[in-house]
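Understanding the architecture of this molecule
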Amino acid sequence: MDRILIRGGNKLSGRIHISGAKNAALTLMPCALLTDEPLTLRNLPRLADVDSFGHLLNQLGVSTQIEGARPEDFGRVMTMRAARVTSTMAPYDIVRKMRASILVLGPLLARMGEATVSLPGGCAIGTRPIDLHLKALEAFGAEIEITHGYVKVKAPNGRLPGGRVRFPVVSVGATENALMAAALAKGTCVIENAAREPEIVDLCRCLVAMGARIDGIGTETLTIEGRDRLHGATYAVMPDRIEAGSYACAAAITGGSVDLVGADYDEMGATFDALREAGVTVTHEHGVVRVSATGPLAPLTLSTAPYPGFATDMQAQFMAMLCKAEGASMLTETIFENRYMHVPELARMGADITVTGRSALVRGVPVLTGAPVMATDLRASMSLIIAGLAAEGETQVQRVYHLDRGYERLEEKLAAVGADIERDSDG
Ligand code: EPZ
């Protein structure tokens, strides 16, 4: 298995190209199931999860073509076409490897009137049930059956009548499945307490480009007037705000200055507010976001929350950065029940972190030391990379397949701004 070696201490300086957003790509790709015409997505990131999702779509009868990307290019163009859907089943062996596979449930139900998808099961950061996905589909008129580890959904007479659902808690995935299911419903669907993440807005915009009728985009109440059919479209995936925020933390912890080329400043308010409060300079001039750290990092008190609050996907990366702050920070993870897997690994690098329930007290230390560490989930892996960039000596991050799921050409992007980093296979 590959591992990444980092010799810390270099200040990062230069420009980092921000790729298309993983969490937008994974909800835009299943939209191809909603029409028999081609859907072309531009600016698709070169990630393991995107490739896995392409393979899943192939199994359902969707043709996928990657166009023209040279290895050195960022962003791929993929054209998908579900002229005929040949299967409505997403099997366990695929879903267990990539939870986002559950996002074929809504579009398959909409297009084919039925779907059978393996229950995803939990993952490193929590149980991550899908009850809210099913609540929405049932509210729109679907019949639900859970048996032998699979969920089967069926639309009466092959088409959802429509309805109204109010989510008790905000769920990105449930909002996405509900939107895609509603797009072809017979009547109108209303989603209350919908997620407002930028990736949801990206999905709505893509669906509208395909002919869907959606009101309230960007708000917590989405009203979808079902259409008889959708048509093909060409749509560009939004930039990855979590990748951009991750590299901002890397610049900050090394006392460097990095331009996040392509980042959407307006979607990163909570991240940039937190960085500024930590004493980091964030500017936005001529369309370029620049993150610079000159002085010491100040400690923070942060709680994760649904957008526009501080993103749970940024928690591990900020924790790594705050390990070097002058003072004690308090982080509270309100979204997932087990998203502190990075803590014991950071502790092996000399971090001083105490977890009590959902909160972590991070006492800043003057020095982090490089060590062999183990990646456990995507964002935890990135927190180890961030710590390694500022640690004395060499850090070896194992199981980097977690990183490859969400960060395109990570070591190349970091090496280009001065990091002493390389990937090697540890056999
Ligand atoms: C999406 O996951 C993202 N993944 C996650 O990013 C992100 O952390 C999360 O949204 C929150 O922003 C993708 O977009 C592929 P949720 P999702 O449904 O949709 C509970 C990363 O690192 N819940 O908003 O699964 C759930 O357990 C990944 O890129 C239910 O109880 O998240 C969690 O506590 C990690 N029942 C909370 O809601 C449900 O039916 C939020 O989950 C669904 C969710």
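Report follows, based on the coordinates. Note that the structure is a prediction, hence the values are computed from the model and not measured.

Procedures and definitions
- Residues numbered from 1 in each chain as written.
- Predicted model: local features only at pLDDT ≥ 70, side-chain atom pairs only at ≥ 80, totals over all residues.
- Heavy atoms only, no water.
- Buried < 20%, exposed > 50% of the residue type's maximum accessible area, 1.4 Å probe, protein only.
- Helix = DSSP H or I, 4+ residues; strand = E, 2+ residues; numbered from the N terminus.
- Near = heavy atom within 4 Å.
- Polar contact = N/O pair within 3.5 Å; in protein donor to acceptor, adjacent residues only side chain to side chain.
- Areas by Shrake-Rupley, 256 points an atom, 1.4 Å probe, with all protein chains shown as cover.
- Nonpolar A, V, L, I, M, F, W, Y, C, P; charged D, E, K, R; others polar.
- Pairing = 2+ DSSP bridges.
- Axes fitted to C-alpha atoms, helices over the stretch in contact; angles between N-to-C directions.
- Contact = heavy atoms within 4.5 Å.
- Salt bridge = Lys/Arg side-chain N within 4 Å of Asp/Glu carboxyl O.
- Phe/Tyr/Trp six-rings, centres within 6.5 Å; stacked < 30°, edge-to-face > 60°.

Counted residue by residue, helix 10 (residues 315-322) has 8 buried out of 8 residues, so it is predominantly covered. Among all positions of helix 10, only Q315, A316, Q317, F318, M319, A320, M321 and L322 are buried.

Moving on, we come to the site of the ligand. Close to the ligand lie 20 residues; D131, L132, S171, D313 and I335 are nearest. Within the backbone of V172, a nitrogen or oxygen atom sits 2.8 Å from an oxygen atom of the ligand. A distance of 3.2 Å separates an oxygen atom of the ligand from a polar side-chain atom of R339. About the coverage of the ligand: the protein hides 85% of its 820 Å² of free accessible area. Contributing elements (two or more residues each) for the shell around the ligand: helix 1 (22-28), helix 5 (131-139), helix 6 (172-182) and helix 12 (378-390). The element that contributes the greatest number of residues to the shell around the ligand is helix 5, accounting for 3 residues. Its residues assigned to classes, the shell around the ligand shows 9 nonpolar, 5 polar and 6 charged.

Turning next to the sheet that holds strand 1 (residues 2-7). The pairing of strands in a sheet happens through backbone hydrogen bonds and is either parallel or antiparallel. The 4 strands are arranged 22-23-1-24 in an open sheet whose pairing can be described as mixed. Single-partner strands in this sheet number two, and they are strand 22 (372-374) and strand 24 (420-425). On average, adjacent strands in this sheet sit at an angle of 25 degrees to one another, irrespective of strand direction. Bridge analysis of strand 22 against strand 23 (residues 394-398) gives 3 bridges, and the strand direction is parallel. Following the sheet pairing, M374 is matched in strand 23 by Q398. Contacts from helix 12 reach strand 1, strand 22 and strand 23, with the element oriented near 30 degrees to strand 1.

Counted by the stated rule, this structure contains 23 salt bridges. Among the ionic pairs, E345 bridges to R348, the shortest N-O distance being 3.6 Å. For E345, a relative accessible area of 14% translates into the label buried. The exposure class assigned to R348 is partly exposed, which follows from its relative accessible area of 44%. Within this structure, D2, D404, E411 and R423 form a network of salt bridges that share partners.

The next thing to look at is the sheet that holds strand 3 (residues 39-44). Strand order in the open sheet formed by 4 strands is 4-5-3-14, with mixed pairing between adjacent strands. A single partner strand is all that each edge strand has here, and the edge strands are strand 4 (63-67) and strand 14 (233-236). The mean inter-strand angle of the sheet, taken between neighbouring strand axes irrespective of direction, is 20 degrees. The sheet contact formed by strand 3 and strand 5 (residues 76-81) spans 4 bridges and is antiparallel.

We describe a pair of aromatic rings using the distance from one ring centre to the other and the angle between the two ring planes. This model, assessed by the stated rule, comprises 3 aromatic pairs. Between the aromatic rings of F310 and F318, the centroid separation amounts to 4.9 Å while the plane-to-plane angle is 90 degrees, which identifies the pairing as edge-to-face. With relative accessibility at 7%, the residue F310 sits in the buried group.

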